[in-house]
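Chain residues, written in single-letter form:
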Amino acid sequence: MSQKQEEESPVEETGKEKQDTQEKEGTLPERAEEAKLKARYPSLGQKLGGSDFLMKRLQKGQKYFDSGDYNMPKAKMKNKQLPSTGPDKNLVTGDHIPTPQDLPQRKSSLVTSKLASYPLIAVRPRPSPLPPVALAMPLKPSLPEPGSLHP
Amino acid sequence: MAGAGGGGCPSGGNDLQWCFSQVKGAVDEDVAEADVISTVEFSHSGDLLATGDKGGRVVIFQREQENKSRPHSRGEYNVYSTFQSHEPEFDYLKSLEIEEKINKIRWLPRQSAARFLLSTNDDLRINLWHLEITDRSFNIVDIKPANMEELTEVITAAEFHPHQCNVLVYSSSKGTIRLCDMRSSALCDRHSKLFEEPGDPSSRSFFSEIISSVSDVKFSHSGRYMMTRDYLSVKVWDLNMESRPVETHQVHEYLRSKLCSLYENDCIFDKFECCWNGSDSAIMTGSYNNFFRMFDRTTWRDVTLEASRENSKPRASLKPRRVCAGGKRKKDEVSVDSLDFSKKILHTAWHPAENIIAVAATNNLYIFQDKAN
């Protein structure tokens, strides 16, 4: 359902009224869900919607080196020694720089994307309007045509 | 949601019939992290379509010109180029890993008047890069507090205005959008405009702030409006009115009664994007179960479609999908409890001039076209 928020017109049930009703009905399931969550995690919500969930949000996914985080405090600190992550490994930004042991192992992925090779199609010459690729060396007649192996 | 009859799909007032055109990518039982598509973008003419993935690879597709020997190939997008844009790096000096995921691809205009780009990969800063200077950037927004305990808000998305190159917007995890003019101050911590819809304090819950977090912000092509995506809805804002959006479209309101589970499985933090069609008359965004939604701003109709291999016959029409929120499930409806939350459509793109759309479904790229195309 889409709603247009217009100026109030008292004559008929306007979009705004429909929206109000829907919002009130909508908050009941939201409150019920909140109660469910609090029942499962009683310690949650000491600070309602505050830094608890932001920390969870910032932690989501892998921790990565952030050049901004590294360089900004470095610019401030100059000659002082950079701190490494202390006991609190949950901080991913800030003056604490993650160290290699805090980061999960990554595998490199220097393989052609499957979007470029699937679905498998027969190799065919491409009717390309693009300019040809310049070659460094002149071709000898016995060599195959350039560009014939494009997927 | 009250379906307009006949499965007609909205755009610009005319009923469209969306049809399958192509799908790219392998059918993998277990999808490798590297193969997950992280961005999709048409070029300004629409002749090129670029994707980026978590493995740091870019694939560029080009639209085929008319070819008499292959009449059906006209309009197909086929691979033009692919390369490894970012490699996973291990910085030996600092002994740290650097991610290679492609977060966003932006095509530069041919006569490149815009020589700058914004980077907002982190949550707390926006940097401005000159295209020719790659070793340093200019920090224009920094909301990092001195003490991380005081952190209450992070930046979630940012974009330049399409016509006024000094204007940018950035959104926050609290659902606010700030518009900044770089001419008025070098450091844009103070905004020119603040867009925020007042919530109802009596209806606040633990989830209110989380679901109000803006995951994407996009200017309309006209530059008069912007659109924001939060967890459950898409809002259209008039840049001249900061107090509330001019339109709110519900994407999947039935998830409101599932917020507890969605918080536990982290889905509540999923970052959905949204996009405009070329004439700004329609908007599109993704959902779960490989569903995506389109809203026509002129006819006020909306439709839910699905990107699936089962519906991948050439030129097959897409049938509108419906989710049953509760009560008796009708035939052809999908119940909320049987939705697959691992099949999320986070990235979609709309051709700038035609009714052609690209939809990223995890590791596959679907291309759909209007039948009349």
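Residues numbered from 1 in each chain as written. Chains lettered and ligands numbered in written order. Predicted model: local features only at pLDDT ≥ 70, side-chain atom pairs only at ≥ 80, totals over all residues. Heavy atoms only, no water.

With that settled, the discussion passes to the nonpolar core. Residues and elements named next belong to chain B. Membership of the largest hydrophobic core comes to 25 residues, with the highest contact counts inside it found for Phe207, Tyr231, Leu255, Leu262, Tyr263, Ile268 and Leu339. Only helix H1 (208-212) and helix H2 (259-264) provide two or more residues apiece to this core. The dominant element in this core, judged by the number of residues it contributes, is H2, at four residues. With 20 residues, the next largest nonpolar core counts Leu16, Met284, Ile345 and Phe368 among its residues. (Core = buried A, V, L, I, M, F, W, Y, C linked by side-chain atoms within 4.5 Å. Buried < 20%, exposed > 50% of the residue type's maximum accessible area, 1.4 Å probe, protein only. Helix = DSSP H or I, 4+ residues; strand = E, 2+ residues; numbered from the N terminus.)

With that settled, the discussion passes to the sheet that holds strand S1 (residues 18-24) of chain B. All names here are of chain B. The strand order across the open sheet built from four strands is S1-S27-S26-S25, with neighbouring strands paired in antiparallel fashion. Two strands close off the open sheet at either side, each with one partner strand: S1 and strand S25 (347-350). Across this sheet, the average inter-strand angle for adjacent strands is 20°, counted without regard to direction. Here S1 runs beside strand S27 (residues 364-370); their pairing, made up of six bridges, is antiparallel. Residue pairing across strands places lysine 24 opposite leucine 365, the latter belonging to S27. (Pairing = 2+ DSSP bridges. Axes fitted to C-alpha atoms, helices over the stretch in contact; angles between N-to-C directions.)

For the rest of this paragraph, the subject is the confidence of the model for chain A. All names here are of chain A. When pLDDT is averaged along chain A, the result is 57, and 19% of the positions lie at 70 or above. Taken together, the stretch residues 85-92 has pLDDT below 50 and engages in 15 contacts with residues farther than four places along the chain or on a different chain. Of the regions scoring below 50 in pLDDT, residues 122-151 engages in 20 contacts with residues more than four places distant in sequence or in other chains. (pLDDT = per-residue confidence, 0-100. Contact = heavy atoms within 4.5 Å.)

In this section: the side chain of B:His347. Residues and elements named next belong to chain B. Considering the arrangement of structural elements, one finds histidine 347 in strand S25. Since its relative accessible area comes to 10%, histidine 347 is described here as buried. When residues no more than four places from it in sequence are discounted, the contact partners of histidine 347 are Ile37, Ser38, Thr39, Val40, Glu273, Ala358, Val359 and Ala360.

A few words now on the packing of aromatic side chains. Residue and element names in this part refer to chain B. Enumeration over the complete set of coordinates arrives at 13 aromatic pairs over all chains. On the numbers, 6.4 Å between centres and 70° between planes, the contact of phenylalanine 20 with phenylalanine 368 is edge-to-face. A residue pair is termed long-range when its members are at least 10 positions apart, and phenylalanine 20 in strand S1 and phenylalanine 368 in strand S27 qualify at 348 residues. The exposure class assigned to phenylalanine 20 is buried, which follows from its relative accessible area of 6%. With a centroid separation of 5.9 Å and an interplanar angle of 70°, the aromatic rings of phenylalanine 42 and tyrosine 77 are classed as edge-to-face. With phenylalanine 42 in strand S2 (residues 37-42) and tyrosine 77 in strand S5 (residues 77-84), the pair connects residues that are 35 residues apart, well separated along the chain. The two residues phenylalanine 42 and tyrosine 77 agree in class, both being buried. (Phe/Tyr/Trp six-rings, centres within 6.5 Å; stacked < 30°, edge-to-face > 60°.)

Quick look at the confidence of the model for chain B now. Per-residue pLDDT for chain B has a mean of 85; in total, 85% of the residues score no lower than 70. At the level of chain-chain contacts, confidence expressed as ipTM amounts to 0.79, with global pTM at 0.76.

One can find B:Met148 in the loop between strand S10 (138-142) and strand S11 (155-160). A sequence separation of 115 residues divides B:Met148 from B:Tyr263, and the C-alpha atoms of the two residues are 23 Å apart.

Before going further, it helps to examine the pairing of strand S4 (residues 57-63) of chain B. Residue and element names in this part refer to chain B. Counted residue by residue, S4 has seven buried out of seven residues, so it is predominantly covered. Where burial is concerned, the two faces of S4 agree: the one with Arg57, Val59, Phe61 and Arg63 and the one with Val58, Ile60 and Gln62 are both buried. Bridge count between strand S3 (residues 48-53) and S4: five bridges; the pairing is antiparallel. Bridge assignment links leucine 48 to a residue of S4, and that residue is glutamine 62. What sits between S3 and S4 in their antiparallel hairpin is a turn of three residues, with glycine 56 showing a positive phi close to 80°. Examined bridge by bridge, S4 and S5 share seven bridges and lie antiparallel to one another. Bridging from a neighbouring strand, isoleucine 60 pairs with serine 81 of S5.

Located in the positive-phi region is B:Asp280, a residue other than glycine, with phi close to 65°. With respect to the helices and strands, B:Asp280 occurs in the loop between strand S19 (274-276) and strand S20 (282-286).

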